Amino acid sequence: MFKNRIYKLRKLMSEKGIDGVLLQGDPNRNYLSGFTGDESFSVITNERAIFITDSRFTEQARQQAKDYEIVQYSGKFEDFLGDLTKNLNISKIGFEENIITYDNYIKYKNKLNCELVPMDGMVEKIRIVKDEEEINCIKKAAAIADKAFEHMLGYIKAGMTERQVGLELEFYMKKLGARDLSFPTIVASGVRSCLPHGQATDKVLKEGEFLTLDFGCIYNDYCSDMTRTIVIGEPSDKMKEIYNVVLEAEMKALKGFKPGVTGKSVDKIARDYIAEKGYGKYFGHGLGHGVGREIHENPRVSPMGDTILEKGMVVTDEPGIYIPDFGGVRIEDLILITECGCEVISKSPKELICIK
Ligand SMILES: [Mn+2]
């Protein structure tokens, strides 16, 4: 599997005319090696795959990065890299311009005798389509989130704080085998639900309020992402109306996801429907995003999403309406693009749930 991924990278390297790459960020380096730790490096040329780490990770790298020569370095990494690129006769080395700092760049530029070339998302282009094993990990992470949501429906009561809700949700996902959270859990109730990314506070849940939960976990390095908005007690007519508009927009978009269309064309389906219902100005963010090793990755499903969707891509469908001083609703499913449409990975119910 890793050999195949490295093979794909080497093809892109030769197309770009570079004879080596330096991988420093966790997602790309680990995707191409099987390593699950951090703060390490790999250098890949046409003939060699070298994994470079320090004494904290050497043994782990030996066990996990089996297709690589493992090298332990000490001292300044830029000195080590300068010698290595010289010994490997690298003339143009690709680097992750979205990962390395300006400080890194200056140090490399001073120590390396080769040309530094931005990789321009070369590995991300390979990562955008998921293989079966990756899809299984994402499905497992989503199943944990679904179970946790079901648990929360029996746990949430008026009088609790958002923080209590968030803590229980996070604890429960870890109890079910999640390694970590995909991102800081969003728990936003009442007027706070108009904050698309409102993190849990000490606010107490009251009857007649929306409660938005946006959460996910990491299973074997892969993220899940889902959002459900529920009501504490009884919803008003206006709350029901907004909820139904968002739900309808979400379901209409689901029918639009298929290979061969752009992300922006699916975004438009949900956006046009919400605008038609008079709430256009309250839906400010994109409809969705790719999910994998990172919680937000390509393809973007927004008015700027030019990428053509392909079978094996995993994206979210998450329209929302956020009305200041009133509240908001977002409903988000994780989906897999299939041969002729999409498969909804999130299984939690979407009809309006009221906590009595
Ligand atoms: Mn999302």
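Rules used in this analysis
Residues numbered from 1 in each chain as written. Predicted model: local features only at pLDDT ≥ 70, side-chain atom pairs only at ≥ 80, totals over all residues. Heavy atoms only, no water. Domains from an automatic or database assignment. Contact = heavy atoms within 4.5 Å. Buried area = accessible area lost by both parts, 1.4 Å probe. Salt bridge = Lys/Arg side-chain N within 4 Å of Asp/Glu carboxyl O. Polar contact = N/O pair within 3.5 Å; in protein donor to acceptor, adjacent residues only side chain to side chain. Helix = DSSP H or I, 4+ residues; strand = E, 2+ residues; numbered from the N terminus. Nonpolar A, V, L, I, M, F, W, Y, C, P; charged D, E, K, R; others polar. Axes fitted to C-alpha atoms, helices over the stretch in contact; angles between N-to-C directions. Parallel < 35°, antiparallel > 145°, perpendicular 65-115°, else oblique. Left-handed = near helix turned anticlockwise from the far one by under 90°. Expected span 1.5 Å × (residues − 1). Buried < 20%, exposed > 50% of the residue type's maximum accessible area, 1.4 Å probe, protein only.

If you look the protein chain up in an unreviewed UniProt entry, it shows as Aminopeptidase YpdF from Clostridium acetireducens DSM 10703.

The next thing to look at is the domain arrangement of the protein chain. Structurally, the protein chain comprises domain 1 (2–127) and domain 2 (132–355). Taking the mean C-alpha position of each, domain 1 and domain 2 sit 35 Å from one another. Contacts between domain 1 and domain 2 engage seven residues on the former and six residues on the latter. Here domain 1 packs against domain 2, burying approximately 570 Å² in sum over the two surfaces, 38% of which is carbon and sulfur. A per-residue breakdown of the area domain 1 buries against domain 2 is headed by Pro27, Tyr31 and Arg127, which together make up 59% of the total. Across the domain 1-domain 2 interface, the total number found is three salt bridges. A salt bridge links Glu297 to Arg127; the nearest nitrogen and oxygen atoms lie 2.8 Å apart. Applying the counting criterion to the domain 1 and domain 2 interface returns two residue pairs in polar contact (both at pLDDT 80 or more). Top contributing element to the side of domain 1 that touches domain 2 by residue count: helix H2 (residues 26–31), with three residues. Looking at the side of domain 1 that touches domain 2 residue by residue, the classes come out as three nonpolar, two polar and two charged.

Taken N-terminus to C-terminus, the directions of helix H4 (residues 77–87) and helix H5 (residues 102–111) make an angle of 40°; their axes are 9 Å apart at the nearest point. When the interaxial angle is binned, H4 and H5 end up oblique. Considering only the axes of H4 and H5, their crossing is right-handed. Of the residues in H5, those touching H4 at Phe77, Glu78, Asp79, Leu81 and Gly82 are Lys107, Tyr108 and Lys111. Among the residues making up the contact of H4 with H5, the classes are represented as three nonpolar, one polar and four charged.

Right, let's get into helix H10 (residues 263–276). Taking 1.5 Å per residue, 14 residues should reach 20 Å; H10 reaches 20 Å between its end C-alpha atoms and fits that length. Considered for burial, the residues of H10 that qualify are Gly263, Val266, Asp267, Ala270, Tyr273 and Ile274. Check the buried side of H10 and you find it contacts helix H9 (237–256), strand E14 (297–301) and strand E16 (320–323). Backbone geometry just downstream of H10 places Gly278 in the positive-phi region, at approximately 95°.

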